[in-house]
Amino acid sequence: SIGVAMSDADLLDLTEDDAAAALISNADTAMYEAKKSGRARVVLFTSQMRSAARDRTELAAALAHAVAERQFDLEYQPVVSALTDTIVGAEALVRWSHPTRGRIDPAMFVSIAEESGTIGRLGEFVLEQAMSDARGWLEQRVVGPDFAVHVNVSHMQLASASFVSLVVAMLRQHRLRPSQLILECREAALLTRNVEVERSVRALRRLGIRVAIDNFGTGANALSILTDIGADILKLDGSLALPTGSSDSDTRLVRAIVLLAHALNMQVVAERVSGPEQLRRLRAAGCDLVQGNLLGDPVSAERFAARAAG
């Protein structure tokens, strides 16, 4: 990954040393942009990158404050059985409403949390709140004993030596069985083949905590992680679960992945289900679970309890 910066008018008024430092900083910013864009490429620095970098720095500072003050909420999207149409789980989705910017895309602030090192505290809040809400639903009897709450975790959380013990302690605190928690990790993070991450995944599964590979199908070597790392659930990337043609031939790839997953004793979840025809094809392909706007939008814990009860 190569970042390139050229001298421009913004550097003319600086001293020679400051101009050199700014030029190196600009090249560094362009290099990180190359890495974020997929690596193995050359990116030329632009003034827009400078403003974007400044914006991310400001958001990182605001995020640290927001984490300390717990300025986040969770919404839950139902996970539905493709066979019975019943709600069998819910994915916890973290939301942040910035005091001046409004709601910020989780994809942006989660990546900033990883870069700034606040992902551990943010992830701990999400786990704590999701388990607390799940315990509440169980006590209200709006969900059955086989219900599971899905929580997204970063590879940085999984790489922490204390992560497994933290999860176990939270399960005990909220009186949840290991099977009532599903931890989701993005396929791209697992493909890095981090030894600490793999150790945590294996330890969690030995304890009975299920692990889901999220966004499956986006990596070039995705199949290798199915047998080398192992998991319990495969969540198809939305691009795979979104057939657009007029015939059932569009589901062939999905059907092949489902057959492979089932052969490895894994369940398959199809995300971003938005239409009845798409749902029909995913059922025909053998998907076990489905979620998306057709089955229910993400809602607060209170509204999810009402939906599950009704």
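Just above sits the structure.
1. Some remarks on the nonpolar core
Alright, step 1. Phe72, Tyr76 and Trp137 are the most contacted members of the largest nonpolar core, which has 79 residues in total.
Alright, step 2. With ten residues, helix H4 (residues 119-140) is the single largest residue contributor to this core.

2. Quick word on the packing of helix H2 (residues 47-69) against helix H3 (residues 106-116)
Alright, step 1. Running from N to C, H2 and H3 point in directions that differ by 80°, and their axes come no closer than 10 Å. As summarised for this structure, H2 and H3 are arranged roughly perpendicular, according to the angle between their axes. Counted together, Arg56, Leu59, Ala60 and Leu63 of H2 and Met108, Phe109, Ser111, Ile112, Ala113, Glu115 and Ser116 of H3 form the full contact between these two elements.
Alright, step 2. Residue composition of the contact of H2 with H3, by class: seven nonpolar, two polar and two charged.

3. A short note on unusual backbone geometry
Alright, step 1. Of note in the backbone geometry, Arg70 takes a positive phi value of approximately 55° without being a glycine.
Alright, step 2. Mapped onto the secondary structure, Arg70 falls in the loop between H2 and strand E3 (72-81).
Alright, step 3. In the Ramachandran plot, Arg141 falls in the positive-phi region, its phi being about 60° despite a non-glycine side chain.
Alright, step 4. By the element assignment, Arg141 lies in the loop between H4 and strand E6 (148-152).

4. Describing the pattern of salt bridges
Alright, step 1. One pass over the structure, following the stated rule, counts 15 salt bridges.
Alright, step 2. Residues Glu75 and Arg103 are paired through a salt bridge, measuring 3.6 Å at the closest nitrogen-oxygen approach. Of this pair, Glu75 sits in strand E3 while Arg103 is found in strand E5 (residues 102-104), placing the two residues 28 residues apart along the sequence.
Alright, step 3. Take Arg103: its relative accessible area is 51%, and that puts it in the exposed class.
Alright, step 4. For the salt bridge of Arg202 with Glu198, the shortest nitrogen-to-oxygen distance reads 3.7 Å. With Arg202 and Glu198 both in helix H8 (residues 195-206), this residue pair falls four residues apart, about one helical turn.
Alright, step 5. With a relative accessible area of 11%, Glu198 lands in the buried category.

5. Comments concerning the packing of aromatic side chains
Alright, step 1. Applying the stated rule across the entire model yields nine aromatic pairs.
Alright, step 2. On the basis of an interplanar angle of 45° and a centroid distance of 5.7 Å, the ring pair of Phe72 and Trp96 is categorised as tilted. Of this pair, Phe72 sits in strand E3 while Trp96 sits in strand E4 (residues 87-98); the two residues are 24 residues apart in sequence, bridging distant segments of the chain. The two residues Phe72 and Trp96 agree in class, both being buried.
Alright, step 3. With a centroid separation of 4.8 Å and 80° between ring planes, the pair formed by Tyr76 and Trp137 is classed as edge-to-face. Taken together, the residues Tyr76 in strand E3 and Trp137 in helix H4 connect sequence positions 61 residues apart. Pair check on accessibility: Tyr76 and Trp137 agree, each one buried.
Alright, step 4. The structure contains a cluster of three or more aromatic residues connected by ring pairs, namely Phe72, Trp96, Phe109 and Phe125.

6. What about H8?
Alright, step 1. Counted at 1.5 Å a residue, the expected span for H8 with its twelve residues is 16 Å, and the 17 Å between its end C-alpha atoms agrees.
Alright, step 2. Those residues of H8 that sit buried are Val197, Glu198, Ser200, Val201, Ala203 and Leu204.
Alright, step 3. Looking at the buried residues of H8, the elements they touch are helix H5 (155-158), helix H6 (163-173), strand E7 (181-186), helix H7 (187-190) and strand E8 (210-216).
Alright, step 4. For H8, the capping residue at the N-terminal end is Asn194, with a side-chain oxygen 2.8 Å from the backbone nitrogen of Glu196.
Alright, step 5. Trailing H8 by a residue or two, Gly208 shows a phi angle of about 95°, which is positive.

The rules behind the values
- All residue numbers refer to position in the chain's written sequence, counted from 1.
- This being a predicted model, a pLDDT of at least 70 is required before a residue's local features are given, and a value of 80 or more before pairs of side-chain atoms are given or counted; all residues contribute to the totals for chains, interfaces and linings.
- To get the side-chain values, take all heavy atoms of the structure and skip hydrogens and water.
- Residues grouped as a nonpolar core are buried Ala, Val, Leu, Ile, Met, Phe, Trp, Tyr and Cys residues, joined through side-chain atoms within 4.5 Å.
- The classification of residues rests on relative accessible area computed with a 1.4 Å probe and restricted to protein chains. Under 20% of the type maximum is buried, over 50% is exposed, and intermediate values are partly exposed.
- The way it works is that DSSP assigns letters per residue, a run of H or I at least four long becomes a helix, a run of E at least two long becomes a strand, and they are numbered from the N terminus.
- Axis lines are fitted to C-alpha atoms, over the contacting stretch for helices. Their N-to-C directions set the angle, which ranges from 0 to 180 degrees.
- If an angle is under 35 degrees, it is roughly parallel; if it is over 145, roughly antiparallel; if it lies from 65 to 115, roughly perpendicular; otherwise it is oblique.
- Two residues form a contact once any of their heavy atoms are found within 4.5 Å.
- Here the nonpolar group is Ala, Val, Leu, Ile, Met, Phe, Trp, Tyr, Cys and Pro; Asp, Glu, Lys and Arg are the charged ones; every other residue, Gly included, is treated as polar.
- Whenever Lys or Arg places a side-chain nitrogen within 4 Å of a carboxyl oxygen from Asp or Glu, that contact is recorded as a salt bridge.
- Paired rings are identified among Phe, Tyr and Trp, the last through its six-membered ring, by centres lying within 6.5 Å, and are further divided according to the angle between planes into stacked (under 30 degrees), edge-to-face (over 60) and tilted (the rest).
- Any helix carries an expected span of 1.5 Å times its number of residues minus one.
- Counted as a polar contact is a pair of N or O atoms within 3.5 Å, where, for protein atoms, one must be capable of donating a hydrogen and the other of accepting one, and residues adjacent in sequence contribute only when both atoms are in side chains.

All quantities given are derived from atomic positions and should not be read as evidence of function.
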